[in-house]
Amino acid sequence: MEEKGRIGIPKALMFYRYFPLWKIFFEELGWRVIVSNGLGKRGRLIYFEDSCLPMKLLVTHSMDLKDRADHLFLPRLVSLHRSYIMCPKFRGAPDIVRLATEGTVSILDETIDLRMREHSMLQSFLRTGKRLGADEKEGKRAFQKAERLFTNFQKGWEDRINQLPTRQFFEIDIPTPLPPPPSPSPVKGGGELMESPSFLDVKPVEDGCRGEKPLFRVAFVGHPYNLFDTDVNKDVLSFAKSLGMRIITPEGLSEKEIDAQVSDLSKEIYWSSGREIVGSLFHFLSGGVDGVVFLTSFKCGIDALLQEFVRRRLKVRGGSSIPLLILSLDEHSGREGLTTRLEAFRDVMEERKRSNA
Ligand code: SF4
């Protein structure tokens, strides 16, 4: 199929959950998908007043793409749940980017609000497809294929985040589970690993512990961008893996498991992300893991409330026998500070294991 043009997708916010779905949809309609570059070590963050780091990153990534793409894809995410809403900043995100890019690039910003049938995921994508010249039949076919492949992609999530370096988590061309790691080499002198031919196209985890059996199962909980955007969390997941932790995230939990933890709350949580975070956090604290790490955004009002909420609930329950670490992230967080706390957390888990043995 002839390429119709380029759709730019900023590597920020809900990219860190839905990118495979979005990419497949646009490619099925004949568009090439390009994503922004991460900040890396030299990248400059675009600052604006009173915003959380994930929103600043959205604007920074959009600016990186604006001259390379025919359209930017920034859906107006009002609700991704039938009863709960997203943080209000998501509603305004396309407008913030429109202001920042001074109207120099077209923005595909159809509303997604799962509380309303006319703004369902399918309807929103059909409208987006129509803006790109696709009729309803083509849009539907592309969306259904994207949805099907995305469901498969999600099934391999735990293997993916434990076997791949963080920058490859969303590379959908790499299938999971990966082939078994090559057995330690018959090596010459220096101890370097030989790679089997089937493994050559997949770079091994750099900081991770691929090939070694992890010592701890640790749940990492937070907004998807706090968990998987290395410009937010300084790639704390790779460091955790190098300390012998197998990573578990809320992606693997069902609605039912989350509901079971939040349905008896005296005060309802209106934000879908907040509900997922609290529900998964208490699910993991009730067993099956050696520790729980909650990654929060420093300037996020929702995270500030959730932390207070979690502390109070733990107090009422008389604490938890499973260690909990809360790490607050912003643009000034240094990797060293995060890794030191994670090392100390590992010692706590080790001590607990020893005393339970
Ligand atoms: S939920 Fe918090 S971190 Fe996420 S966009 Fe809203 S304010 Fe920012």
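Going by the structure above, here's the rest.
A brief look at the structure comes next. (Residues numbered from 1 in each chain as written. Predicted model: local features only at pLDDT ≥ 70, side-chain atom pairs only at ≥ 80, totals over all residues. Heavy atoms only, no water.)

## Details of helix H1 (residues 15-28)
Right, so step 1: The end-to-end C-alpha distance of H1, which contains 14 residues, comes to 18 Å, matching closely the 20 Å that a straight helix rising 1.5 Å per residue would cover.
Right, so step 2: Helix geometry: H1 is bent most strongly at leucine 21, by close to 30 degrees.
Right, so step 3: Most of H1 sits inside the fold, with 12 of its 14 residues counted as buried.
Right, so step 4: For H1, the complete set of buried residues consists of Phe15, Tyr16, Arg17, Tyr18, Phe19, Pro20, Leu21, Trp22, Lys23, Ile24, Phe25 and Phe26. (Helix = DSSP H or I, 4+ residues; strand = E, 2+ residues; numbered from the N terminus. Expected span 1.5 Å × (residues − 1). Bend = angle between axes of the 7 residues up to and from the residue. Buried < 20%, exposed > 50% of the residue type's maximum accessible area, 1.4 Å probe, protein only.)

## So, the pairing of strand E2 (residues 32-35)
Right, so step 1: Looking at chain direction, strand E1 (residues 6-9) and E2 are connected through 4 bridges and run parallel. Bridge pairing in E2 links glycine 8 to isoleucine 34. (Pairing = 2+ DSSP bridges.)

## Brief notes about the packing of aromatic side chains
The geometry of an aromatic ring pair comes down to the distance between the two centres and the angle between the two planes.
Right, so step 1: Applying the stated criterion to the full structure yields 20 aromatic pairs.
Right, so step 2: Where tyrosine 16 meets phenylalanine 170, the ring centres are 5.8 Å apart and the plane angle is 80 degrees; that geometry is what we call edge-to-face. Of the two residues, tyrosine 16 is situated in helix H1 and phenylalanine 170 in the loop between helix H6 (157-163) and strand E7 (216-221); the sequence distance between them amounts to 154 residues. Of the two residues, tyrosine 16 and phenylalanine 170, neither departs from the other in class, the shared state being buried.
Right, so step 3: A ring pair is formed by tryptophan 157 and phenylalanine 170, whose centres lie 5.2 Å apart and whose planes are at 50 degrees; its orientation type is tilted. Within this pair, whereas tryptophan 157 is found in helix H6, its partner phenylalanine 170 is found in the loop between H6 and E7, the two being separated by 13 residues in sequence. Side by side, tryptophan 157 and phenylalanine 170 carry an identical accessibility label, which is buried.
Right, so step 4: Among the aromatic residues, ring-to-ring pairing joins Phe15, Tyr16, Phe19, Phe153, Trp157, Phe169, Phe170 and Phe228 into one connected group. (Phe/Tyr/Trp six-rings, centres within 6.5 Å; stacked < 30°, edge-to-face > 60°.)

## Regarding the site of the ligand
Right, so step 1: Close to the ligand lie Cys52, Pro54, Met55, Cys87, Lys89, Phe90, His223, Tyr225, Ser297 and Cys300, which account for all nearby residues.
Right, so step 2: At the level of secondary structure, the elements contributing two or more residues to the shell around the ligand comprise helix H2 (53-65) and helix H3 (88-100).
Right, so step 3: A breakdown of the residues in the shell around the ligand according to their chemical character gives 7 nonpolar, 2 polar and 1 charged.
Right, so step 4: Lining the shell around the ligand are residues from two domains, each supplying at least three of them: domain 1 (6-154) and domain 2 (205-356). (Near = heavy atom within 4 Å. Nonpolar A, V, L, I, M, F, W, Y, C, P; charged D, E, K, R; others polar. Domains from an automatic or database assignment.)

## Observations concerning the packing of H2 against H3
Right, so step 1: Their axes nearest at 10 Å, the elements H2 and H3 cross at an angle of 40 degrees. In this view, H2 runs oblique relative to H3, as classed from their interaxial angle. The element H2 and its partner H3 pack so that their crossing is right-handed. On H3, the residues that touch Met55, Leu58, Val59, Ser62 and Met63 of H2 are Lys89, Phe90, Ala93, Ile96, Val97 and Ala100.
Right, so step 2: For the contact of H2 with H3, the residue count by class is 9 nonpolar, 1 polar and 1 charged. (Axes fitted to C-alpha atoms, helices over the stretch in contact; angles between N-to-C directions. Parallel < 35°, antiparallel > 145°, perpendicular 65-115°, else oblique. Left-handed = near helix turned anticlockwise from the far one by under 90°. Contact = heavy atoms within 4.5 Å.)

## Digging into the side chain of serine 79
Right, so step 1: Summarising the element assignment, serine 79 is placed in strand E4 (residues 76-79).
Right, so step 2: Given a relative accessible area of 0%, serine 79 falls into the buried group.
Right, so step 3: Aside from chain neighbours lying at most four places away, what touches serine 79 is Tyr84, Ile85, Met86, Ile112, Asp113, Leu114 and Arg115.

## Some words on unusual backbone geometry
The bulk of non-glycine residues show a negative phi, and the bulk of peptide bonds are trans.
Right, so step 1: Positioned with a positive phi, leucine 13 is a non-glycine residue whose angle comes to about 50 degrees.
Right, so step 2: Checked against the element boundaries, leucine 13 lands in the loop between E1 and H1.
Right, so step 3: If you check the backbone angles, lysine 234 has positive phi at about 55 degrees while not being a glycine.
Right, so step 4: Position of lysine 234 relative to the elements: it lies in the loop between helix H8 (230-233) and helix H9 (236-242).

## Observations regarding the nonpolar core
Right, so step 1: Judged by nonpolar contacts, the single largest core of 103 residues is most densely connected at Phe26, Phe220 and Leu342.
Right, so step 2: Element by element, the count of residues in this core is highest for H1, at 9 residues.
Right, so step 3: Leaving out residues up to four positions away in the same chain, phenylalanine 220 has contacts with Leu227, Val236, Leu237, Ala240, Ile247, Ile248, Thr249, Pro250, Val293, Leu295 and Leu342. (Core = buried A, V, L, I, M, F, W, Y, C linked by side-chain atoms within 4.5 Å.)

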